[in-house]
Amino acid sequence: MKYLDEYRGRDEARRYARAIAQLVTRPWTIMEVCGGQTHAIVRFGIDDLLPDGIRLVHGPGCPVCVTPVELIDTAIQIALREEVIFCSFGDMLRVPGTDRDLFAAKARGADVRIVYSPLDTLRVARENPDREVVFFAVGFETTAPANAALVRLAARQNLRNLSILVSHVLVPPAMEAILAAPDNRVQGFLAAGHVCTVMGFDEYEPLARRYRVPIVVTGFEPLDILQGVCMCVKQLEEGRCDVENQYSRCVQRTGNRDARQVITEVFEIVPRNWRGIGTIPHSGLGLRSTYSAFDAERRFGLAAPSVERAGECLSGLVLQGLRRPDACPAFGTRCTPEHPLGATMVSSEGACAAYYRYRRAATREPAPRDSHRTVQAEAARDPVSRGLP
Ligand code: SF4
């Protein structure tokens, strides 16, 4: 396969769907832990192609969505300081804190700048030696190598006016928290292909054995996801709990050695609070003491963090696969991408944003007498009409 279209072939997709249907003898619940996969599933209607017994649920796979409220509040506190230039990727600016977001801070005069690479902040720091430049280092294992490289370069270049506000989270501990929860319904996982491209998949093997769940490292295109589901269902039906690699064109068992090395050099494993979920032990990265001079929280010494307030947003349940976005009473009415109540409606990788973008027409249609879908809603849900060539 050379071209993207080849990963989206309609006939192949239907062949996989038929193969899955032939395998299934009982219901199974499978979770993907990647916002990119969530969007592909919703956009292309992959769940609609599957037999009734296979339920796909969406996990905490969007890094923006799981960044806790207190860290947004901390970012805003730092950004509002007169001497600070606060740099961030654009999607973090609209994530709600306790009572405002970074855009509101910018409107109040904070010097908040959108960057497209963490390394852009090196240039900003060099060009502004009299200012403090802070980068909002958010993300899973995928963004950690570049953020670690930023800190290492800043140290080598002796850039003393640069620091990072760290909110890195790790996927395997979140999967373990979901599996260990008393109300867990997840029986198999699609692991995120890009995370495993960096980290490999050897660290998933103890998890698969301990909780007796199959884990399939999976890519992001429709045929990747269907093949990943097929491999997962086959394991479930055969009573196996192995880690398998569907995304072998990118992922090796031990990942990218250089990327893992720079992460280990700069960061250490710490407990991390996940928005809507709570604190998960060993689930985050923080700067090692050798690089603590670049820690923005330490540099600015901040007020006590705020406590996340329970509101009408159900994103905590959405992030754990316990509630579908369109089952939230605020979905598409009081909560929209223009006026989000929760981070899962903000981020381009958020599950609520995916349902709003691709399923809103279907969820808005009134139920006809003899079917729960209208013709228009059915068309909106038809995978072929939504992009499979
Ligand atoms: S639709 Fe909005 S309010 Fe409901 S869970 Fe999603 S982000 Fe929260």
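Residues numbered from 1 in each chain as written. Predicted model: local features only at pLDDT ≥ 70, side-chain atom pairs only at ≥ 80, totals over all residues.

Undergrad: Mind laying out the overall build of the protein, listing which residues take part and the relevant values?
TA: A count of helices and strands for the protein gives 17 helices and eleven strands. Computed over C-alpha atoms, the radius of gyration of the protein comes to 21 Å, within 12% of the 21 Å expected from 2.2 N^0.38 for 389 residues, which places it in the range of a compact globule. Principal axes of the C-alpha set define a box for the protein whose edges measure 65 × 45 × 45 Å. By residue count, 49% of the 389 residues in the protein fall in the buried class. Here the analysis covers contacts within the protein between residues at least 6 apart in sequence; of these, 77% occur between residues at least 24 apart. (Helix = DSSP H or I, 4+ residues; strand = E, 2+ residues; numbered from the N terminus. Rg over C-alpha atoms; globule rule 2.2 N^0.38 Å. Buried ≥ 20, exposed ≤ 12 C-beta atoms within 10 Å, placed from the backbone. Contact = placed C-beta atoms within 7 Å.)

Undergrad: Explain the site of the ligand residue by residue, including any values.
TA: Residues in close proximity to the ligand total 15 residues, the closest being C313, C328, C335, G342 and C352. Of the residues assigned to the shell around the ligand, the class counts are twelve nonpolar, three polar and no charged. (Near = placed C-beta within 6 Å. Nonpolar A, V, L, I, M, F, W, Y, C, P; charged D, E, K, R; others polar.)

Undergrad: Would you mind going over helix α12 (residues 222–238) in detail, with residue names and values included?
TA: The first and last C-alpha atoms of α12 sit 24 Å apart over 17 residues, in line with the 24 Å expected at 1.5 Å per residue. Of all 17 residues that make up α12, 14 are buried, and the element is covered over most of its length. (Expected span 1.5 Å × (residues − 1).)

Undergrad: Explain the pairing of strand β4 (residues 111–114) residue by residue, including any values.
TA: Alignment of strand β3 (residues 84–88) against β4, held across four bridges, turns out to be parallel. If you follow I85 over to β4, its bridge partner there is D111. The β-α-β motif built from β3, the intervening helix α6 (residues 102–107) and the parallel element β4 has right-handed crossover chirality. (Pairing = 2+ DSSP bridges. Right-handed = clockwise from strand over helix to strand, strands pointing away.)

Undergrad: Can you tell me about unusual backbone geometry, naming the residues and giving the values?
TA: A negative phi angle characterises most non-glycine residues, just as the trans form characterises most peptide bonds. Residues other than glycine seldom take positive phi values, yet N158 does so here, at roughly 55°. Structurally, N158 can be placed in the loop between α8 (144–156) and β6 (162–169). For R212, which is not a glycine, the phi torsion comes out positive at approximately 50°.

Undergrad: Before we move on, could you go through the sheet that holds strand β10 (residues 267–274) and cite the residues and values that matter?
TA: Strands sit in the order β4-β3-β5-β6-β11-β10 across an open sheet of six strands; the sheet is mixed. If you trace the sheet from one side to the other, it starts and ends with β4 and β10, each paired once. On average, adjacent strands in this sheet sit at an angle of 25° to one another, irrespective of strand direction. Of the strands in this sheet, β3, β4, β5 (132–139) and β6 are in contact with helix α5 (residues 69–79), which crosses β3 at around 140°. Contacts between helix α9 (residues 171–180) and the sheet are confined to β6, β10 and β11 (278–287), with β11 contributing the most and set at about 175° to the helix. (Axes fitted to C-alpha atoms, helices over the stretch in contact; angles between N-to-C directions.)

Undergrad: Outline the domain arrangement of the protein, listing residues and values.
TA: What the domain assignment lists for the protein is domain 1 (1–314) and domain 2 (315–386). The gap between the C-alpha centroids of domain 1 and domain 2 is 22 Å. Residue-level contacts link 36 residues of domain 1 with 31 residues of domain 2. Elements with a minimum of two residues in the side of domain 1 that touches domain 2: α2 (35–44), α3 (46–49), β2 (54–58) and α4 (63–66). Top contributing element to the side of domain 1 that touches domain 2 by residue count: α2, with seven residues. In the side of domain 1 that touches domain 2, the residues fall into 18 nonpolar, ten polar and eight charged. (Domains from an automatic or database assignment.)

Undergrad: So what about the packing of helix α1 (residues 10–23) against α12? Which residues, and what values?
TA: Direction vectors running N to C along α1 and α12 enclose 10°, while the axes themselves pass 10 Å from each other. Our classification of the angle between α1 and α12 gives roughly parallel. On α12, the residues that touch E12, A13, Y16, A17, A19, I20 and L23 of α1 are P222, L223, L226, Q227, V229, C230, V233, K234 and E237. The class makeup of the residues in the contact of α1 with α12 is twelve nonpolar, one polar and three charged. (Parallel < 35°, antiparallel > 145°, perpendicular 65-115°, else oblique.)

Undergrad: How would you sum up the sheet that holds strand β7 (residues 188–192)? Please name residues and give values.
TA: The five strands are arranged β2-β1-β7-β8-β9 in an open sheet whose pairing can be described as parallel. The open sheet terminates on both sides in strands that have one partner only, identified here as β2 and β9 (243–245). Direction aside, neighbouring strands of the sheet carry axes that sit 25° apart on average. In the sheet, β7 pairs with strand β8 (residues 215–218) via four bridges, with the strands oriented parallel. When the sheet's bridge partners are listed, A191 is paired in β8 with V217.

Undergrad: Which residues make up the confidence of the model for the protein, and what values go with them?
TA: Per-chain confidence: the protein averages 89 in pLDDT, with 90% of residues scoring 70 or above. This model gives residues 365–386 a pLDDT under 50, and the stretch forms 29 contacts once residues within four places in sequence are excluded. (pLDDT = per-residue confidence, 0-100.)

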